[in-house]
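Okay, here's what each chain looks like letter by letter:
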Amino acid sequence: QQIHSQLNLQKQNNIEKNTDQSLNKEFSKENSTYFITVEKDVSSLEIIANADDETSSVCIYGNEEIADGTSKILISVTAENGNVRNYRIYVTKNS
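Keep in mind the model is a prediction, meaning the values are calculated, not measured.

Points about the overall build of the protein chain
Link 1 in the chain: Secondary structure assignment for the protein chain yields 0 helices and 6 strands.
Link 2 in the chain: When the helices and strands of the protein chain are read in sequence order from the N terminus, they spell out β-β-β-β-β-β.
Link 3 in the chain: The 95 residues of the protein chain split such that 31% are buried.
Link 4 in the chain: Partitioning the contacts of the protein chain with sequence separation of at least 6, the portion at a separation of at least 24 is 52%.
Link 5 in the chain: Accessible area of the protein chain: about 5800 Å², with a carbon and sulfur share of 42%.

What follows is the structure in structure tokens.
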């Protein structure tokens, strides 16, 4: 069974207000790796991830207290049959 997933991603600056920075490319379920550069004061991203199939589960790891330098956020989509598809967002903080 193929996993169909769609991710809607937004960045939120937890210290001030929302900004308009975005991923290096538009989301496509065929692409598993994305990059974003954020300001130094950003501590996490607001990630809205919804699987196309409501029986699939979505888990997000590494989005708490994003460290200076480059960090990885993993979005894992698990289908009802146990198949897993992972998406990675590499976050780089401006110095």
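Still more ground to cover, so stick around.
Some remarks on the nonpolar core
Where a protein is soluble and globular, its nonpolar side chains tend to be buried together.
Link 1 in the chain: Counting residues in hydrophobic clusters, the biggest one holds 16 residues, and the most contacted among them are I36, L45, I47, I73, I89 and V91.
Link 2 in the chain: Those elements giving two or more residues to this core turn out to be β2 (33-38), β3 (47-51), β5 (70-78) and β6 (84-93).

Side note on the packing of aromatic side chains
We describe a pair of aromatic rings using the distance from one ring centre to the other and the angle between the two ring planes.
Link 1 in the chain: Under the definition given, this model contains 1 aromatic pair.
Link 2 in the chain: Taking the centre distance of 5.4 Å and the plane angle of 25 degrees together, the rings of F35 and Y90 count as stacked. One end of the pair, F35, is in strand β2; the other, Y90, is in strand β6, and 55 residues separate them in sequence.
Link 3 in the chain: Using a relative accessible area of 45% as the deciding quantity, one classes F35 as partly exposed.
Link 4 in the chain: Look at Y90 and you get partly exposed, because its relative accessible area is 25%.

Some remarks on the sheet that holds β2
Link 1 in the chain: Spatially, 4 strands are ordered β2-β6-β5-β4 in an open sheet, and the strand pairing comes out mixed. Strand pairing shows two members of the sheet lacking a second neighbour, β2 and β4 (57-61), which therefore form its edges. In this sheet, neighbouring strand axes are inclined to one another by 20 degrees on average, regardless of whether the strands run parallel or antiparallel.
Link 2 in the chain: Note that β2 and β6 share 6 bridges and pair parallel. Bridged to I36 within β6 is V91.

Focus on the environment of S43
Link 1 in the chain: In this structure, S43 sits in the loop between β2 and β3.
Link 2 in the chain: Each C-alpha atom, one on S43 and one on A67, is 7.6 Å from the other, the two residues being 24 residues apart in sequence.

Reading the values: the criteria
Residues numbered from 1 in each chain as written. Predicted model: local features only at pLDDT ≥ 70, side-chain atom pairs only at ≥ 80, totals over all residues. Heavy atoms only, no water. Helix = DSSP H or I, 4+ residues; strand = E, 2+ residues; numbered from the N terminus. Buried < 20%, exposed > 50% of the residue type's maximum accessible area, 1.4 Å probe, protein only. Contact = heavy atoms within 4.5 Å. Areas by Shrake-Rupley, 256 points an atom, 1.4 Å probe, with all protein chains shown as cover. Core = buried A, V, L, I, M, F, W, Y, C linked by side-chain atoms within 4.5 Å. Phe/Tyr/Trp six-rings, centres within 6.5 Å; stacked < 30°, edge-to-face > 60°. Pairing = 2+ DSSP bridges. Axes fitted to C-alpha atoms, helices over the stretch in contact; angles between N-to-C directions.

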